[in-house]
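Listed here are the chains, written in short residue letters.
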Amino acid sequence: MVRTETGFSLYRAHLHDSWVDSGGAEHDDEGFGLYDLTVENGRIASITPSVAASEGAENDLRRRVVLPALIDCHTHLDKGHIWPRRPNPDGSFPGALGAVLADRSANWSAEDVEARMEFALKCAYAYGTKAIRTHLDSLPPQETISWPVFEKVRERWKGRIDLQGACLFGIDTGRDEAWFQTLVQRVRQAGGVLGAVTFMVPDIEQLLDMIFRAAIENDLPLDFHADETDALEAVSLRLIAEAAKRNGYEGRILIGHCCSLARQPDDEVLRTLDAVADCNISVVSLPMCNMFLQDRRSDNTTPRWRGVTLLHEMKARGINVCVASDNTRDPFYAYGDLDMIEVYRMATRIIQFDHPVADWPKAALSNPAKAMGLSEDCGRLVEGGPADFLICEGRSWTEILSRPESGRIVVRDGKVIDRALPSYEELDHLME
Ligand SMILES: [Zn+2]
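Nothing here was measured: the structure is a model prediction, and the numbers come from that model. Numbers given for residues are sequential positions, taken from 1 along each chain in its written order. The model is predicted, so local features are restricted to residues of pLDDT at least 70 and side-chain atom pairs to those at 80 or more, both for listing and for counting; the totals for chains, interfaces and linings are taken over all residues. To get the side-chain values, take all heavy atoms of the structure and skip hydrogens and water.

1. Brief notes about unusual backbone geometry
Of note, the bond from proline 140 into proline 141 is cis; its omega dihedral lies within 30 degrees of zero at 0°. In this fold, proline 141 is placed in the loop between strand S6 (129-137) and helix H3 (142-157). Following histidine 355, the chain continues into proline 356 via a peptide bond in cis, with omega recorded as 5°. Within the secondary structure, proline 356 is located in the loop between helix H10 (340-350) and helix H11 (366-371). The phi dihedral of aspartate 227 is positive, around 55°, even though this residue is not glycine. Runs of E in the DSSP output that reach at least two residues are strands. Runs of H or I that reach at least four are helices, and both are numbered from the N terminus. If you trace the backbone, aspartate 227 turns up in the loop between strand S9 (222-226) and helix H6 (236-247). Although it is not a glycine, cysteine 258 adopts a positive phi angle of roughly 55°.

Below is the structure:
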């Protein structure tokens, strides 16, 4: 049994070399080594290789894996869980856009948005997530409703989930520059991230320049939804990288989706990867949402591609790559519960984060932490850092990734938390 009170605890567990600084433990073929991890006053006091012959640890976890608390860098808490009242009519991307627009106009009061955000955060926390970035639909008048709710919820969850908000609007809406500048100030005052959806409008470069100028003037990080389509002509990922260079922007940029890149010819791919690798750009793939929406065919034929971007090629170039949840139970993705272990499991299968696993686990841990600008100890296990981790049921990758890990234990600040998930009934009153 794991002790729940504060004070001193000693865990003997399997740690992976992608989330612990190599402390000299012998690693197996999968990268796991056996370590003794001591926790004192809510922090990790020491991490040392286990000496097999030494006295057994107080909490010998029998080679169960201890995983750092999870980081989810791309979500939509404001859209979450509306599926029962507004399903996607045909499972397509345009179907999702239309359904969300209708639901937002009809139902997204402060109370509605807050209740669904709260529900989603309870789920994420119970699964062991400690930091989340959410996009917030910011088309008028929704920005005046959702941002104050976000700030209130962020404050309420402080210490449990570190919450970041990024505004979201179609880049063409930015043509109304007066409205755009008001939104920039709202985002700045809320300590948020400046974000937009980019697609191939004729004036995309001018609009990107306007966004980069605003980010520089207001010292804001950037976050884009780019090229969530199979269209070969969608190259906004490259245009964002070129705009970053052109404007001399040196802050953090996170770019999600980039689906079309996987469909483009090699010379276009290389040109884009060169431009991206030359900037402070992180890329996040949203494998579950991409599998759901991309290549869905209206003639009931079978999808022929996976929808995800070229993470292997990006990683090989040193680009900071991540995976994240994206939507949960809304018209963009009918499923999901903000469980980053599920995301990593699905990513392993869809994007092949195996043979070898190497340091792919970073894509759900320290890489998103870096993309979000979190402290160095996030997504890793570090001596002196907070004792925020998951004790998995599994002792190896195949054990962790084969079952849902529903019996995982979540430790935050050295204490085991209550992992009860909220009942869906809590949202029934909003679904009429
Ligand atoms: Zn998204």
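2. Some points on the coordination of the zinc ion
For Na, K and Ca the donor cutoff is 3.2 Å, while for all other metals N, O and S atoms count as donors only within 2.8 Å; water does not appear among the atoms, so some sites may look incomplete. In this structure, His74 (NE2), His76 (NE2), His225 (NE2) and Asp326 (OD) serve as the protein donors to the zinc ion, at separations of 2.1 to 2.4 Å. Square planar and octahedral sites, with four and six donors, are those where opposite donors lie more than 155 degrees apart and all other angles lie between 65 and 115, tetrahedral sites have four donors with every angle between 85 and 135 degrees, and the rest are irregular. Taken together, the four donor atoms coordinating the zinc ion span angles of 87 to 177° at the metal, a pattern that classifies the geometry as irregular. When the donors of the zinc ion are listed by position in the chain, the intervening gaps give H-x1-H-x148-H-x100-D. Of this pair, histidine 225 sits in strand S9 while aspartate 326 sits in the loop between strand S12 (320-323) and H10, and the two are 101 residues apart along the sequence. Under the scheme applied here, a residue whose accessible area is under 20% of the maximum for its type counts as buried, over 50% as exposed, and between as partly exposed, the area being computed with a 1.4 Å probe on protein chains only. A residue is classified by how much of its surface remains accessible, and histidine 225, at 6% relative accessible area, is buried.

3. Things to note about the sheet that holds strand S5 (residues 70-75)
The pairing criterion is simple: DSSP has to find at least two bridges between the two strands. On the basis of which strands lie adjacent, the open sheet formed by three strands has the order S5-S6-S7 and parallel pairing. Strands with a single pairing partner mark the edges of an open sheet, and in this sheet they are S5 and strand S7 (162-168). Taken over all neighbouring pairs, the strand axes of this sheet differ in orientation by 10° on average, direction set aside. In the packing of helix H2 (residues 110-127) onto the sheet, the strands contacted are S5, S6 and S7, and the crossing angle to S6 comes to about 155°. Angles run from 0 to 180 degrees between N-to-C directions of axes, and those axes are lines fitted to C-alpha atoms, restricted for helices to the stretch in contact. Pairs of residues are marked as contacts when any of their non-hydrogen atoms sit within 4.5 Å.

4. Focus: the packing of aromatic side chains
Any aromatic ring pair is given by two values, namely how distant the centres are and how the planes are angled relative to each other. Ring pairs shown here join Phe, Tyr and Trp side chains whose ring centres sit within 6.5 Å, with only the six-membered ring taken for Trp; geometry is labelled stacked below 30 degrees between planes, edge-to-face above 60, and tilted in between. Within this structure, the stated rule accounts for 18 aromatic pairs. Relative to tyrosine 424, the ring of phenylalanine 119 has its centre 6.0 Å away and its plane inclined at 25°; by these criteria the two rings are stacked. Of this pair, phenylalanine 119 sits in helix H2 while tyrosine 424 sits in the segment after strand S15 (415-416), and the two are 305 residues apart along the sequence. Among the residues examined, tyrosine 424 registers a relative accessible area of 46% and is labelled partly exposed. Ring geometry for tyrosine 344 against phenylalanine 353: centres 5.7 Å apart, planes inclined by 45°, an arrangement best described as tilted. A relative accessible area of 1% places phenylalanine 353 in the buried class. Cation over ring: arginine 160 sits above tryptophan 157, and NZ or CZ is 3.8 Å from the ring centre. The lysine or arginine in question, arginine 329, covers the ring of tyrosine 424, its NZ or CZ lying 4.4 Å from the ring centre. Note on geometry: a ring has a charge over it if NZ (lysine) or CZ (arginine) is within 6 Å of the ring centre and within 35 degrees of the ring normal.

5. Quick look at the pairing of S12
Note on strand geometry: in a regular strand, side chains alternate between the two faces of the sheet. Side chains of S12 alternate between two faces, with Asn320 and Cys322 and Val321 and Val323 buried alike. Two elements, strand S11 (residues 281-285) and S12, share four bridges in a ladder whose sense is parallel. By the bridge assignment, valine 284 is partnered in S12 with cysteine 322.

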